[in-house]
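Observations on the model geometry
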Amino acid sequence: MKTVGAYGHAPLQRKNNVNGENRYKMTNELVVRTERLSKSYVADGIETPAVRGVNLKIRAGEFAALAGPSGSGKSTLLHLIGGLLRPTSGQVWIEQQALGGLTPDQLARLRLRRIGFVFQAYNLIPVLTALENTEFVMELQGVPEGQRRDRALELLSILEIAEYADRFPNKLSGGEQQRVAVARAVAARPALVLADEPTANLDSESGQKLMDLLRRLNHERGVTFLFASHDPRLLNQVERVIELHDGVIG
Ligand SMILES: Nc1ncnc2c1ncn2[C@@H]1O[C@H](COP(=O)(O)OP(=O)(O)OP(=O)(O)O)[C@@H](O)[C@H]1O
Ligand SMILES: [Mg+2]
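Please read all numbers here as calculations on a predicted model, not as lab measurements. (Residues numbered from 1 in each chain as written. Chains lettered and ligands numbered in written order. Predicted model: local features only at pLDDT ≥ 70, side-chain atom pairs only at ≥ 80, totals over all residues.)

For the rest of this paragraph, the subject is the overall build of the protein. Per the secondary structure count, the protein includes eight helices and ten strands. Sorting the 250 residues of the protein into buried and exposed places 43% on the buried side. Counting only contacts in the protein whose residues sit at least 6 apart along the sequence, the fraction spanning at least 24 positions is 73%. (Helix = DSSP H or I, 4+ residues; strand = E, 2+ residues; numbered from the N terminus. Buried ≥ 20, exposed ≤ 12 C-beta atoms within 10 Å, placed from the backbone. Contact = placed C-beta atoms within 7 Å.)

Structure below.
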């Protein structure tokens, strides 16, 4: 198994060794920093500025959400922070690494090691069962099979979908698929989880259970969460709400 050190990121290697409880809460280390971050889409010759000059800091251990009306730039900002979109201008740092300086390969490795994604299109792999999907990122990380399976089953059972472990995604409801996507994102023990509307397809009871689980991971394991949502049930439970309007914070 490769170590993070092999990628040449000393600060990441140090943090990757941490498995203590709530260590992150005690630090002021930044997991995310953006500086004058902007993204414009160009479609049919028309330029749409989606994110405009965003300066944002997310400290280790935060449980925070981007809020704002539809079209305000929440998903775009989340994708920029996750290195899934390249900015038009400005910079993103994850821990101390500037994403703009990385090759696509280095960026992919940083994402694999440090970031969990739960996005609106769940991106489950159709030919893998719920259990195999949950194990997928851990497998890429080189987590041994037995350990991987135990951790995946534990998470699926916390999320109350263990009985569907052997089902393929097209035999699961939207909410069930969403829970598998959450299990997959957190199973790999990332430092940062980016979740776009994670409660959107859940009824209030399932949504509450999911938020309780994520809160527990935040408290007990120090996983930093950044959500994008306009769901008041989610926004009521985060520690910090960052409002976006027309691509601008504030
Ligand atoms: N691929 C794209 N091409 C062109 N314009 C886009 C693209 N994706 C988003 N936009 C535009 O960028 C702006 C921000 O979109 P974004 O998806 O980030 O908003 P959002 O806050 O996540 O909205 P929602 O709450 O509806 O998910 C919108 O005006 C949108 O129409
Ligand atoms: Mg969105």
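Following the structure, the description resumes.
Let us look at the environment of Glu176. With respect to the element layout, Glu176 can be found in helix α6 (residues 174-187). Note: C-alpha distance between Glu176 and Ile161 (15 residues apart in sequence) is 7.0 Å. Non-local contacts of Glu176, meaning those with residues more than four positions away in its chain, are made with Ile161 and Tyr164.

Turning our eyes to something else, we now look at the nonpolar core. Among the nonpolar cores identified, the biggest contains 62 residues, and Leu66, Ala183, Leu192, Val193, Leu194, Leu226 and Phe227 are the most heavily contacted of them. With seven residues, the top contributor of residues to this core is α6. In contact with Leu192, other than residues within four places in its own chain, are Val31, Val32, Ile94, Arg114, Ile115, Thr224 and Leu226. (Core = buried A, V, L, I, M, F, W, Y, C linked by C-beta atoms within 7 Å.)

Overall, the prediction assigns the protein a mean pLDDT of 86, with 88% of residues at 70 or greater. Across the protein, the secondary-structure element scoring lowest on mean pLDDT is helix α1 (residues 10-16), at 33, and the one scoring highest is strand β3 (residues 63-67), at 98. Scored below 50 in pLDDT, residues 1-26 shows 32 contacts in the model against residues more than four places distant or in partner chains. (pLDDT = per-residue confidence, 0-100.)

Okay, the packing of helix α5 (residues 145-158) against α6 next. Two elements in contact, α5 and α6, have axes whose closest approach is 10 Å; the angle formed by their N-to-C orientations is 135°. Regarding the angle of α5 to α6, the classification is oblique. Where α5 crosses over α6, the two elements pack in a sense that is right-handed. Listed contacts from α6 to Arg151, Ala152, Leu155 and Leu156 of α5 are Ala183, Val186 and Ala187. Class assignment of the residues belonging to the contact of α5 with α6 gives a composition of six nonpolar, no polar and one charged. (Axes fitted to C-alpha atoms, helices over the stretch in contact; angles between N-to-C directions. Parallel < 35°, antiparallel > 145°, perpendicular 65-115°, else oblique. Left-handed = near helix turned anticlockwise from the far one by under 90°. Nonpolar A, V, L, I, M, F, W, Y, C, P; charged D, E, K, R; others polar.)

A few words now on the sheet that holds strand β7 (residues 192-196). Strand order in the open sheet formed by six strands is β6-β7-β8-β3-β9-β10, with mixed pairing between adjacent strands. The outermost strands of the open sheet, each flanked by one partner alone, are β6 (115-118) and β10 (248-249). Of the pairings in the sheet, the one linking β7 to strand β8 (residues 224-228) comprises five bridges and is parallel in character. Across the sheet, Ala195 pairs through a bridge with Phe227, a residue of β8. Relative to the sheet, helix α2 (residues 74-81) contacts β3, β7, β8 and β9 (240-245), its axis offset from that of β8 by approximately 145°. (Pairing = 2+ DSSP bridges.)

Here the focus is the sheet that holds strand β5 (residues 97-98). Judged by pairing direction, the sheet is antiparallel, and its four strands sit side by side in the order β2-β1-β4-β5 without closing on themselves. Each edge of the open sheet is held by one strand with a lone partner, namely β2 (46-59) and β5. As judged from the ten bridges shared by strand β1 (residues 30-43) and β2, these two strands associate in the antiparallel manner. By the bridge assignment for β2, Thr34 is matched with Leu56.

Next up on the list: the site of ligand 1. Tyr41, Ala50, Ser70, Ser75 and Thr76 are the nearest of the 14 residues found near ligand 1. Only β1, β2 and α2 provide two or more residues apiece to the shell around ligand 1. Here the element with the most residues in the shell around ligand 1 is α2; it accounts for three residues. Counted by class, the shell around ligand 1 contains four nonpolar, nine polar and one charged residues. (Near = placed C-beta within 6 Å.)

So, on to unusual backbone geometry. Working note: non-glycine residues mostly have negative phi, and peptide bonds are mostly trans. One non-glycine residue with positive phi stands out, namely Glu95, at about 55°. Following the sequence through the fold, Glu95 ends up in the loop between β4 (89-94) and β5. On the neighbour-count criterion, Glu95 (19 C-beta atoms within 10 Å) is partly exposed.

In sequence, β1 turns back onto β2 through a hairpin of two residues, with Asp44 there showing a positive phi of about 50°. By the bridge criterion, five bridges tie β1 to β4 in an arrangement that is antiparallel. Paired with Arg33 across the bridge in β4 is Trp93.

The subject of this paragraph is the packing of helix α4 (residues 130-141) against α5. Interhelical geometry of α4 versus α5 gives an angle of 125° and a closest axis separation of 9 Å. Relative to α5, α4 is oriented oblique. Considering the relative orientation of α4 and α5, their crossing is right-handed. Packed against α4, whose contacting residues are Ala130, Leu131, Thr134, Glu135, Met138 and Glu139, the element α5 presents Arg148, Arg149, Arg151, Ala152, Leu153, Leu155 and Leu156 at the interface.

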